[in-house]
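Next come the chains, spelled out residue by residue.
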Amino acid sequence: MSAAQLYTKYTRVWIPDPDEVWRSAEIIKDYKEGDKSLHLKLEDETLYEYPVDLQGNELPFLRNPDILVGENDLTALSYLHEPAVLHNLKVRFLESNHIYTYCGIVLVAINPYEQLPIYEQDVIYAYSGQNMGDMDPHIFAVAEEAYKQMARDEKNQSIIVSGESGAGKTVSAKYAMRFFATVGGSASETNIEAKVLASSPIMEAIGNAKTTRNDNSSRFGKYIQIGFDKRYHIIGANMRTYLLEKSRVVFQAEDERNYHIFYQLCASASLPEFKDLGLTCAEDFFYASQGGDTSIDGVDDADDFEKTRHAFSLLGVKESHQTTIFRIIAAILHLGNLEIQAERDGDACSVSSEDEHLNNFCSLLGVEHSQMQHWLCHRKLVTTAETYVKNMSVQQVVNARNALAKHIYAQLFNWIVQHINKALHTTVKQHSFIGVLDIYGFETFEVNSFEQFCINYANEKLQQQFNSHVFKLEQEEYMKEGIPWTLIDFYDNQPCIDLIEAKLGILDLLDEECKVPKGTDQNWAQKLYDRHAGSQHFQKPRMSNTSFIVLHFADKVEYQSEGFLEKNRDTVYEEQINILKASKYQMVADLFQDEKDAAPTTSMGKGTSKISVRSARPVIKAANKEHKKTVGHQFRNSLHLLMETLNATTPHYVRCIKPNDEKLAFKFDPKRAVQQLRACGVLETIRISAAGFPSRWSYHDFFNRYRVLMKKRDLSKNDKKQICQTLLEDLIKDPDKFQFGRTKIFFRAGQVAYLEKLRADKFRAATIMIQKTVRGWLQRVKYQRLRQAAIVIQRYTRGHLARRLMEHLRRTRAAIIFQKQYRMLRILRAFQRVRNTTVTIQAFARGMFVRRIYRKVRMEHKAIILQKYARGWLARTRFHRVRDATITLQCYYRRMKARQELKALKIEARSAQHLKKLNIGMENKVVQLQRKIDEQNKEYKLLNEQLSALTSAHSSEVEKLKKELVQYQQSHRGDGNQLVSLQEETERLRLELEKAHGERKVVEDSYVKEKDLLRKRISDLEEENALLKQQKEELNSRILCQSEDEFAQNTVEENTQMKKELEEERSRYQNLVKEYSRLEQRYDNLRDEMTIIKQAPGHRRNPSNQSSLESDSNYPSISTSEIGDTEDVVQQVEEVGMEKAAMDMTLFLKLQKRVRELEQERKKLQTQLENKEQESKKSQVIEMKTEVTSDHEDFAYNSLKRQELESENKKLKNELNELRKAIADRATQSNSSNDIQDSYNLLLNQLKSANEELEVRKEEVLILRTQIMKAAQQKEMCKNMESITTSATWPNSDKHIDQEDVIEAYQGMCETNRLLEAQLQDQRREHEEEVEALKNQVDVMKEEMEEQQQAFLQTLQLSPEAQVEFGLQQEITRLTNENLDLKELLEKLEKNEKKLKKQLKIYMKKVQDFEAPQAVVPAERRWHERNMQVAVQRKEKDFQGMLEYYKEDEPLLIRNLITDLKPQAVSATVPCLPAYILYMCIRHADYINDDQKVHSLLTSTINGIKKVLKKHSDDFQMTSFWLANTCRLLHCLKQYSGDAGFMTQNTPKQNEHCLKNFDLTEYRQVLSHLSIQIYQQLIKTAEGVLQPMIVSAVLENESIQGLSGVKPMGYRNRSSSMADGDSSYSLDAIIRQLNTFHSIMCDQGLDPEIIQQVFKQLFYMINAVALNNLLLRKDVCSWSTGMQLRFNISQLEEWLRGKNLQQSGAAQTLEPLIQAAQLLQLKKKTSEDAEAICSLCTSLTTQQIVKILNLYTPVNEFEERVTVAFIRDVQTHLQERNDPPQLLLDFKHMFPVLFPFNPSSITMDSIHIPASLNLEFLNKV
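Small disclaimer: the values here were computed from a predicted structure and weren't measured. (Residues numbered from 1 in each chain as written. Predicted model: local features only at pLDDT ≥ 70, side-chain atom pairs only at ≥ 80, totals over all residues. Heavy atoms only, no water.)

> Quick question: what am I supposed to make of the side chain of Ser96 here?
Relative to the assigned elements, Ser96 resides in the loop between helix H2 (82-94) and strand E6 (100-103). In contact with Ser96, not counting residues within four places along its chain, are Val91 and Asn1750. (Helix = DSSP H or I, 4+ residues; strand = E, 2+ residues; numbered from the N terminus. Contact = heavy atoms within 4.5 Å.)

Written out as structure tokens, the structure reads:
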């Protein structure tokens, strides 16, 4: 195809761009051969001329059609080149948020830097069992492909995860291992899958660190082999590690950290067990703080440390070993903080003996302090003659210290890896394995050293293996399809590998230079220049003589040779290692024992990585040792071993891409992405695919897609393959552009795009023709519409003009009339205005004159009044001034006299006589003074109150005093002393006055403020009160209006809530039943295996124990105690686990509480039992002394029975001891396996059952003892009475009284005395108990009163609203407590009732045991009597609906009626005939009152049904048959139980067939459990049949032919990943299968309600499987699929209506699938469309809606993609929802089943038993 045909107008191309790497453009002018440029238009509408190289004819890359953009598989693109790959990844990552994409056999994983909900358990189950390519790309799909190929091909698999640091390699490997642990869980109870997952936290702690590119970067490579057995369950694992980055222990770059374990240990240093480590925060240690920040955002090191310790414990690492590990890590930190002091100009140095960190280092490792201090600063030189000890410089000591730290950490790392492998090791033979390789990707930095060289060397080897594998798969595909194979040229990096590892390569020259005594990095670099200067993969930099360049497959890398030799030697001094070998801690010493010999053998023999081994001898001496291998040599060996392993397995590739360096969520940097795509081999895969035939279509899909290009005569042919060949030969002239395979058509790159272009042109031409015709028709319709409209407009216009003229004439006449009236009105209003104005002026003038006269008279009157009051005020003022002056003078004079008198009194008081007088009556005076003080205090308070009233008068008095003082000074200037005193007094009074004024002002201000606040508060309260009243009235009106509606609504809500809770409770209950059946099945399997093991030599059997277990192993006996039932329930919950046993926490807590109560009751009963036993022993001693020989026989029988039971008890104890010995013998065997573990579990179960039986025996012994005691008491009483009658003498016996009367009277007296004494004792005991109870009640009432008082005090301190709320809370808590107490009381009463019933049954059994020996008759006589009795009944009576059989015929009955019965044998009889026959047998056993026979028959029936169902677990017909019969038997037991609730629909004849003697309520419960188990098995069987059909029939099958357009297939749909055979189904196949299920259940008489529930469950499963598949597949999320899906669902709904199952709720379960189909068909453009989607899709969660919108893919180019903005708009509308964060539906969810009571109208006497059942031994009664 020529360039002129491809590069036409409107074609889009890719051009290089410096910022975005590649940029899209559109051709605006057709390209012709010879043009120098290509005219383009960029996306921003700018024009651009792209220069074309005429010599190379290099045109820009063509862009794929939009229909191919966003493909799951990059190889499905028509144009395979770098810009297409980059654009496809960018669109999927940014627009659809898809992080996984296939690229042929490679899974490309882009790190989202955000936690995505795509790794849950339900997603794992969704991908399990699916073919690669059927679902969206995922790491689980790769893991499932590996698991499937391992099981199908029986070949080992490998998953190779690679990528640069921060790309997500570790996480991808972790999720792959999680998939294997979930899908291939261990068959035994060893939980090996949990241990495999638990190794991750440990390896991350000791091998991961923060770098500039990743917060959790793996600094080592690892290869984990997960072993599987023949059933493909995980049995063990093994780990190999590669190239640990030891240099990070002693050096970290800026913004980087050391390994996580150092910071985790420092963060937990405050724990008490780590106090002796001497650790502080990480910033205090040199080895942990070189990078700066020691923390990571969002990471809690202390929490991670707890996870690490838990993982250690889970893997079986001892606590002592864990402590030693943490001591070694702490010692490394202390080693880095050593202070090295220089001496003698730096040639020597020393470490202080007082150095705290050295002391900690030595104490933590248990080494000698002085030796370590010496050899840290010295080294030993060994020559042939003698040995020297040489001082080292400071730099040498630092290097030696760092080397020692690295060596210790590396040895510890290897030790931990070895112990992890020991924990994951198994003795079971490994059948196959899957390896997960998590290894570093290609690295290139500014400074590249030895580590980068080894990493890139490993990637060269992996890339070579990857290229060859891809090439091999291409060749297999071509050969399978029969296409001629032509050699594809691909890049072979073998020359680069030879440059590194061949003889005299880079590694060889490096090892050789290491052997040279004075070898340097510069010399080694010079040797490289001399040796490899001519190599095409080796270059020498221009500006450096110590660097070299290697041209790798991914990029050109420059390595600095500095440090290569030192890192390759990995030197550690022998003296320091010897000190560590002598450590007092065994583990520390073991780390360094014989490492130089063990390292090579371990690495070669076991395949584990030992590349971190260091030499324990000096470099000079090690050069002569052949077994001392360098790091490079060890790495090369381990890499070769890894390649051998990978070549022996089937590899699967995961390439992790880092989208940006800023670690931002969903940000895509094209430059960084292209670099990694080139480095990881993705583009090489694309190149290899593009070199051949990358596009592949099946003939069917190609025909459906391109049938529009075919001619009509070609379409008439029946052979689609021939039609496709004819079409391609006509369209593509070059035959090399395509090839025809057996099942597919292969196309070269670009041919599919060309066919898409032809298809689009065909559609465009057809569209133009349609548009032309439609437009012409529209124009004609428009012209006719315009002409008709013009005529109508003219008609209406003429009428309008005539009407307008008439209107004008009418308005002219009316205007004249209006003018006349208006002029008259205007003149009238002017006259009235002037008249009114004149009248107003006159009125105002007259009023003004009158007011003026009045004002003058009033002013004269007021002046007279003012004069009167002024003169009176002046007179009063003068009088007050004179009076105040007089009073002041009197006060001053009286004060002077008082002071003189006070002085005299003081002198008198100092005299002794006065004191004596005063002391007389002092006590009385004190009392009087106290009273006076109280009175004065009261007066003081009154005076204080009066003070505020007198303050107003102080100011006037002070002014008067000042004036009088001035007058006094003028009149009495000679009296100076008095003047001074008066001035002081005046000043004091002034100060007091000011103080009083201030206080008054403060009081007034506070009063005003408080008054304002109170007024404001009152106003607010009044407003609030008014509002509340208004609201109250409104609420009252609303309540009155809505009370009826709300009551009805509340009733409905309560009913729905109760129904919901009932459904949840029923679901939990049935989950327990399901789990019980699963455990029962597991128990049966283990018992079978145990029998096999017992038959093997070396094992003993225990028939007694086995028989006791088999007697009634499935269900507990009716006489089982209540305590045992509760313990069984608790034990079941413990065994099943909280997750599987679907129990809520409240139930579990109730059980725990019940267990504690029962334990207390057991202790009380035990004490009572001991007291009773003591009393019985005493009574027995008395009995033995006074026993009469005549009554000895009955007592002997009782004692014999007791001895029998005691001997059985001893026998059981002996059997228990034997069981324990057997358990101990088997537990001590060294070569234990999973089967022996199963037998061990079985023996434990037998031990538990034996204990239960022992408890039952003990109870029986105790009951017999009580009966014996009662019998002995009766005998003693009789004997006493006889002795009284014989030995008593009566004084008046001869007179009037007979002796017998006297004896009877005496006996009556004795009995009355005993009764009175017993009554008195009972009353005394009851009185004491009542007193104690009352005391307890008083104490309780006191406590309650105190609590209520405290609560009352608290409420008084609260606000009124808070008081109301607090009161409500108290009332609620009180009612809740009372409710709980009543519930507990009710439970206790129910339990006591059950206990009494069980005791009654036990007594009934004992009575029958006593009566049994008396009824012993010979066997022949009994047989004869039976025959006679049956014969008599046959003659005298008709058939009563009962069937008699003999006990020995019971196994035959079970075998013929249950075990060997085929449903076809009773298909022509009454439905559920076996159930009726069994009930008639039960009724006869009830008729003869034989409870043993009833118990045996029901137990055998249940066991027989279970056996049949276990044998036919996959037979739907058999399961349905026994579900119908079990339910019918359950209904019969209810219908004929005698309960009035079940007999409402019975006929009188049926009421005669009711049970008379036995209550089979417990067996009804057992049958209900069995029905639930059978129902669950029925659903499981039906789901197993339907599930493979659902996806193909509902989603993929074309029910509407020609509707769906097919998109190109990807590389992943190759035949190697698909199962053989055609697995496609149509919807008719599902409907046929549903018809089969329905007819089987109807024919077998299953209740209609159960049939409805079955189909509701099956339709839910159809909905869940189809929707889950839709949510995980991009290729089915299209408009056409939505149409097909809606049509298929309508067919299923029509089937439900046809079977009258529309009331079953099955149609409602399809609602999510219906809404998903509607979502695919709705418009997805505007905001209104988003609102419509949100309102319509109510059954879909937010995640499901967004997922479908992201997956939506146009099938044709005329459809538009869903924009990111529209998806964001939908998300904003859905934010208000509180949907659960789940994406997939739980297709294993099972609705709780209900078995409604459905009585039968058939009477028992009308049932006929066919002879084909072979039940002749049954006799009709």
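> How do you make sense of the sheet that holds E6 when you look at a structure like this?
Neighbouring strands of a sheet are bound in pairs by backbone hydrogen bonds; such pairs are parallel or else antiparallel. The sheet built from 7 strands is open, its strands ordered E6-E7-E21-E8-E17-E11-E12 with mixed pairing. The open sheet terminates on both sides in strands that have one partner only, identified here as E6 and strand E12 (234-242). Sheet twist, expressed as the average angle between the axes of neighbouring strands with direction ignored, equals 20°. Of the strand pairs in this sheet, strand E8 (residues 157-162) and strand E17 (residues 432-438) are connected by 5 bridges, and their pairing is parallel. (Pairing = 2+ DSSP bridges. Axes fitted to C-alpha atoms, helices over the stretch in contact; angles between N-to-C directions.)

> Can you walk me through a positive patch on the surface in this structure?
Among the surface-exposed residues, Arg851, Arg852, Arg855, Arg858 and Lys862 lie close enough to one another that they form a single positively charged patch. Looking at the secondary structure, you find Arg858 in helix H29 (residues 751-909). Judged by relative accessible area, Arg858 falls into the partly exposed class, the value being 39%. (Patch = residues over 30% accessible without salt bridge, like charges linked within 9 Å, V, L, I, M, F, W, Y side chains within 5 Å. Areas by Shrake-Rupley, 256 points an atom, 1.4 Å probe, with all protein chains shown as cover. Salt bridge = Lys/Arg side-chain N within 4 Å of Asp/Glu carboxyl O. Lys, Arg positive; Asp, Glu negative; His and termini not counted. Charge placed at Lys NZ, Arg CZ, Asp CG, Glu CD. Buried < 20%, exposed > 50% of the residue type's maximum accessible area, 1.4 Å probe, protein only.)

> Explain a negative patch on the surface to me, please; I cannot follow it from the model alone.
A contiguous patch of negative charge, built from Glu254, Asp255, Glu283, Asp284, Asp293 and Asp297, is present on the exposed surface. Under the relative-accessibility criterion, Asp255 is labelled partly exposed at 44%.

> What exactly am I supposed to notice about the side chain of Lys461 here?
When you line up the elements, Lys461 lands in helix H14 (residues 450-481). Ignoring sequence-local partners within four residues, the contact set of Lys461 consists of Ile497, Glu501, Leu639, His640 and Met643.

> Honestly, the environment of Lys658 in this entry has me stumped. Any pointers?
Inspection of the secondary structure assignment puts Lys658 in the loop between strand E21 (650-657) and helix H24 (670-680). The spatial distance from the C-alpha of Lys658 to the C-alpha of Glu164 is 7.4 Å, given a sequence separation of 494 residues. Here Lys658 is in contact with Tyr113, Glu164, Ser165, Gly166, Ala167, Arg213, Arg672 and Gln676, once residues within four sequence places are set aside.

> Where do I start with the packing of aromatic side chains in this structure?
Centre-to-centre distance and the angle between the planes together describe a pair of aromatic rings. This structure, assessed with the given rule, holds 39 aromatic pairs. Plain terms: the ring middles of Phe450 and Phe564 are 5.7 Å apart, the flat faces sit at 90° to each other, and that makes the pair edge-to-face. Of this pair, Phe450 sits in helix H14 while Phe564 sits in helix H18 (residues 564-569), placing them 114 residues apart in sequence. Neither residue differs from the other here; Phe450 and Phe564 are each classed as buried. Each member of the aromatic cluster is reached from another via a ring pair, and the members are Tyr119, Phe140, Tyr147, Tyr175, Phe179, Phe180 and Phe228. Taking NZ or CZ as reference, Arg257 lies 4.0 Å from the ring centre of Tyr263, over its face. The ring of Tyr529 has Lys540 sitting right over it, with the charged end atom 5.2 Å from the ring centre. (Phe/Tyr/Trp six-rings, centres within 6.5 Å; stacked < 30°, edge-to-face > 60°. Lys NZ or Arg CZ within 6 Å of the ring centre and 35° of its normal.)

> When you look at the packing of helix H46 (residues 1561-1596) against helix H49 (residues 1679-1698) in this model, what are you seeing that I'm missing?
For any two helices packed against each other, one specifies the crossing angle of their axes together with the interaxial distance. Contact pair H46 / H49: the axes reach a minimum separation of 8 Å and the direction vectors enclose 115°. The orientation of H46 with respect to H49, classified from their angle, is roughly perpendicular. Seen from H46, the contacting residues are Ala1593, Val1594 and Leu1595; seen from H49, they are Thr1681, Leu1685 and Asn1688. Taken together, the residues of the contact of H46 with H49 sort by class into 4 nonpolar, 2 polar and no charged. (Parallel < 35°, antiparallel > 145°, perpendicular 65-115°, else oblique. Nonpolar A, V, L, I, M, F, W, Y, C, P; charged D, E, K, R; others polar.)

> What exactly am I supposed to notice about the packing of helix H48 (residues 1648-1671) against helix H53 (residues 1742-1751) here?
Direction vectors running N to C along H48 and H53 enclose 50°, while the axes themselves pass 9 Å from each other. Taken together, the axes of H48 and H53 lie oblique to each other. Across the interface between the two elements, Leu1667, Leu1670 and Leu1671 of H48 pack against Gln1744, Lys1747, Ile1748 and Leu1751 of H53. Of the residues contributing to the contact of H48 with H53, the split by class is 5 nonpolar, 1 polar and 1 charged.

> Sorry if this is basic, but what is going on with the pairing of strand E2 (residues 21-27) here?
Side-chain direction in a regular strand flips from residue to residue, so the side chains alternate between the two faces of the sheet. For E2, the buried fraction is high: 5 of the 7 residues fall into the buried class. Joining the antiparallel neighbours strand E1 (residues 12-17) and E2 is a turn of 3 residues. The pairing of E2 with strand E3 (residues 37-42) spans 3 bridges and is classified as antiparallel. Residue pairing for E3: Glu26 is matched across the bridge by Lys41.

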